[in-house]
Amino acid sequence: QVQLVESGGGLVQPGGSLRLSCAASGSIFSINAMGWYRQAPGKQRELVAAITSGGRTNYADSVKGRFTISRDNAKNTVYLQMNSLKPEDTAVYYCNAVVVILGDKGLYDYWGQGTQVTVSS
């Protein structure tokens, strides 16, 4: 019913920047929170940053001051600007959206397919 399509991952040198995008489409009435998670090999998936429909943001301590999350509600799209990247930021990054479906009052959790971010010299 709802698809999340991510883009923008890749290989970057330490200190570099990348911008991730995630567009939601399908039977969407509204989107509450949107966020980015990441999972490194051998580690659990962790929250990187989240943003409410009203623009309130939340960041993991490890990315504060370096990453910025934003969203375009008209386009159902969330962005993650990542600056001053470090090797420890290497992971698969997943987009998440909490969605109210057309014709349904419930909240549903959707995930993107993931995009690889590799920080290496």
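Our structure is the block above this text.
Residues numbered from 1 in each chain as written. Predicted model: local features only at pLDDT ≥ 70, side-chain atom pairs only at ≥ 80, totals over all residues. Heavy atoms only, no water.

Peer 1: Could you clarify how one ought to interpret the overall build of the protein chain in this entry?
Peer 2: Looking only at helices and strands, one finds zero helices and 11 strands in the protein chain. Reading the helices (α) and strands (β) of the protein chain from amino to carboxyl end gives β-β-β-β-β-β-β-β-β-β-β. For the protein chain, with 121 residues in total, the buried portion stands at 40%. Long-range contacts, defined as pairs at least 24 residues apart, comprise 56% of the intrachain contacts of the protein chain with a sequence gap of at least 6. When the accessible area of the protein chain is evaluated, it comes to approximately 6,400 Å², of which 48% is carbon and sulfur surface. Each charge sign in the protein chain was given a centre, from 11 positive and 8 negative side chains, and these centres are 4 Å apart. (Helix = DSSP H or I, 4+ residues; strand = E, 2+ residues; numbered from the N terminus. Buried < 20%, exposed > 50% of the residue type's maximum accessible area, 1.4 Å probe, protein only. Contact = heavy atoms within 4.5 Å. Areas by Shrake-Rupley, 256 points an atom, 1.4 Å probe, with all protein chains shown as cover. Lys, Arg positive; Asp, Glu negative; His and termini not counted. Charge placed at Lys NZ, Arg CZ, Asp CG, Glu CD.)

Peer 1: Would you take a moment to explain the state of the cysteines for this structure?
Peer 2: Note on terminology: disulfide describes a covalent bond linking the sulfur atoms of two cysteines. Enumeration over the complete set of coordinates arrives at one disulfide. There is a disulfide in this structure between cysteine 22 and cysteine 95, and the S-S distance comes to 2.1 Å. The disulfide joining cysteine 22 to cysteine 95 has a torsion of about -80° about its S-S bond and is therefore left-handed. With cysteine 22 in strand β3 (residues 18-26) and cysteine 95 in strand β9 (residues 91-101), this pair connects stretches of sequence that are 73 residues apart. (Disulfide = S-S within 2.5 Å.)

Peer 1: Hey, could you run me through the sheet that holds strand β7 (residues 67-72) in this one?
Peer 2: Working definition: the strands of a sheet are paired by backbone hydrogen bonds and lie parallel or antiparallel to each other. Read from one edge to the other, the open sheet built from four strands follows the order β1-β3-β8-β7, with strand pairing classed as antiparallel. Looking at which strands have only one partner, the edges of the open sheet turn out to be β1 (2-7) and β7. Put simply, the sheet's adjacent strands are angled 15° from each other on average, direction ignored. As paired elements, β1 and β3 share six bridges and run antiparallel to each other. Paired with valine 2 across the two strands is glycine 26, which belongs to β3. (Pairing = 2+ DSSP bridges. Axes fitted to C-alpha atoms, helices over the stretch in contact; angles between N-to-C directions.)

Peer 1: Got a minute to help me understand unusual backbone geometry in this structure?
Peer 2: Most peptide bonds adopt trans geometry, and most residues besides glycine take a negative phi value. Phi at asparagine 76 takes a positive value of approximately 50°, unusual for a residue other than glycine. Taking the relative accessible area as the measure of exposure, asparagine 76 reaches 24% and is therefore partly exposed. With phi around 50°, serine 84 is a residue other than glycine that occupies positive phi space. Structurally, the position occupied by serine 84 is in the loop between β8 (77-82) and β9. Given a relative accessible area of 41%, serine 84 falls into the partly exposed group.

Peer 1: I would appreciate a short explanation of the packing of aromatic side chains in the present structure.
Peer 2: The geometry of two aromatic rings is summed up by the distance between their centres and the angle between their planes. One pass over the structure, following the stated rule, counts one aromatic pair. A ring pair is formed by tyrosine 37 and tryptophan 111, whose centres lie 5.0 Å apart and whose planes are at 65°; its orientation type is edge-to-face. Of the two residues, tyrosine 37 is situated in strand β4 (residues 28-39) and tryptophan 111 in strand β10 (residues 107-111); the sequence distance between them amounts to 74 residues. Here the basic side chain of arginine 19 rests over the ring of tyrosine 79, its NZ or CZ set 4.1 Å away from the ring centre. Sitting over the ring of tyrosine 94, arginine 45 keeps its end group 3.8 Å from the ring centre. (Phe/Tyr/Trp six-rings, centres within 6.5 Å; stacked < 30°, edge-to-face > 60°. Lys NZ or Arg CZ within 6 Å of the ring centre and 35° of its normal.)

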